[in-house]
Amino acid sequence: MAKYTLTGQWQGGFQADVTVTAGGSPVSSWVVTWRFSDGQTVTQSWNATITSSGSQVTARNVSYNGTLGAGASTQFGFLGSSNGANSVPSVTCTAT
């Protein structure tokens, strides 16, 4: 499971955090995906490797936060740019 939280916003930019939580079984790595609907882009990130193609964004764990015990969680964050609207996207998390 993943939860996207918009933690700050300013003219032309924003900060968001995503919390990744393992379900009833441990995981060894994870991938979180979402699609921006308002033209936002990621400009800087921490605690995840983030790539994007158009509006589609993919975040993968880094070496030190991929393994999660059952029910455990970790968090990553990023800075982004926006041109006005900044809707919170729905996120999908997959154990890999």
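Here's a quick rundown of the structure. Here the structure is a predicted model, which is why all the values come from computation and not from measurement.

### Thoughts on the overall build of the protein chain
Stage number 1. Along the backbone of the protein chain there are zero helices and eight strands.
Stage number 2. In sequence order, the secondary structure elements of the protein chain are arranged as β-β-β-β-β-β-β-β.
Stage number 3. Along the first, second and third principal axes, the C-alpha atoms of the protein chain reach 40 × 25 × 20 Å.
Stage number 4. Out of the 96 residues in the protein chain, the part that is buried amounts to 38%.
Stage number 5. In the protein chain, the share of contacts with a sequence separation of at least 24, taken over all contacts with a separation of at least 6, comes to 71%.
Stage number 6. With an accessible surface of roughly 5100 Å², the protein chain has 47% of that area assigned to carbon and sulfur atoms.

### Considering the environment of V88
Stage number 1. Of note, V88 is situated in the loop between β7 (73–81) and β8 (91–95).
Stage number 2. As a C-alpha pair, V88 and F76 span twelve residues in sequence and 16 Å in three-dimensional space.
Stage number 3. For V88, the contacting residues outside a window of four places in its chain are Y4 and L6.

### Things to note about the sheet that holds β7
Stage number 1. Pairing in this open sheet of four strands is antiparallel, and the strands run β1-β2-β7-β4 from one edge to the other. With one partner strand each, in any of the chains shown, β1 (2–10) and β4 (41–46) form the two edges of the open sheet. Each neighbouring strand pair of the sheet contributes to a mean axis angle of 25 degrees, computed without reference to strand direction.
Stage number 2. The sheet contact formed by β1 and strand β2 (residues 13–21) spans eight bridges and is antiparallel. Within β2, the position partnered with A2 by the bridge is V20.

### Focus on the sheet that holds strand β6 (residues 56–60)
Stage number 1. Pairing in this open sheet of four strands is antiparallel, and the strands run β5-β6-β3-β8 from one edge to the other. The sheet is open, and its two borders are formed by β5 (49–53) and β8, each paired with just one other strand. Adjacent strand axes in the sheet meet at a mean angle of 20 degrees, parallel and antiparallel pairs treated alike.
Stage number 2. Here five bridges tie strand β3 (residues 30–35) to β8, and the two strands are oriented antiparallel to one another. Looking across to β8, one finds that W30 is bridged to A95.

### Observations regarding the side chain of T58
Stage number 1. Within the fold, T58 resides in strand β6.
Stage number 2. In this structure T58 comes out as buried when scored by relative accessible area, which is 16%.
Stage number 3. Setting aside chain neighbours within four positions, we find T58 in contact with V31, V32, T33, T49, I50 and T51.

### Things to note about the nonpolar core
Stage number 1. Core analysis: the largest hydrophobic core is formed by 20 residues, its most contacted members being Y4, V18, V32, W34, I50, F76 and F78.
Stage number 2. Looking at this core, the elements that each hand over two or more residues are β1, β2, β3, β6 and β7.
Stage number 3. Top contributing element to this core by residue count: β2, with four residues.
Stage number 4. When sequence neighbours within four positions are dropped, the list of residues in contact with I50 reads W34, V42, S45, V57, T58, A59, F76 and F78.

What counts and what doesn't
- Residues numbered from 1 in each chain as written.
- Predicted model: local features only at pLDDT ≥ 70, side-chain atom pairs only at ≥ 80, totals over all residues.
- Heavy atoms only, no water.
- Helix = DSSP H or I, 4+ residues; strand = E, 2+ residues; numbered from the N terminus.
- Buried < 20%, exposed > 50% of the residue type's maximum accessible area, 1.4 Å probe, protein only.
- Contact = heavy atoms within 4.5 Å.
- Areas by Shrake-Rupley, 256 points an atom, 1.4 Å probe, with all protein chains shown as cover.
- Pairing = 2+ DSSP bridges.
- Axes fitted to C-alpha atoms, helices over the stretch in contact; angles between N-to-C directions.
- Core = buried A, V, L, I, M, F, W, Y, C linked by side-chain atoms within 4.5 Å.

Read these as spatial facts, not as claims about activity.
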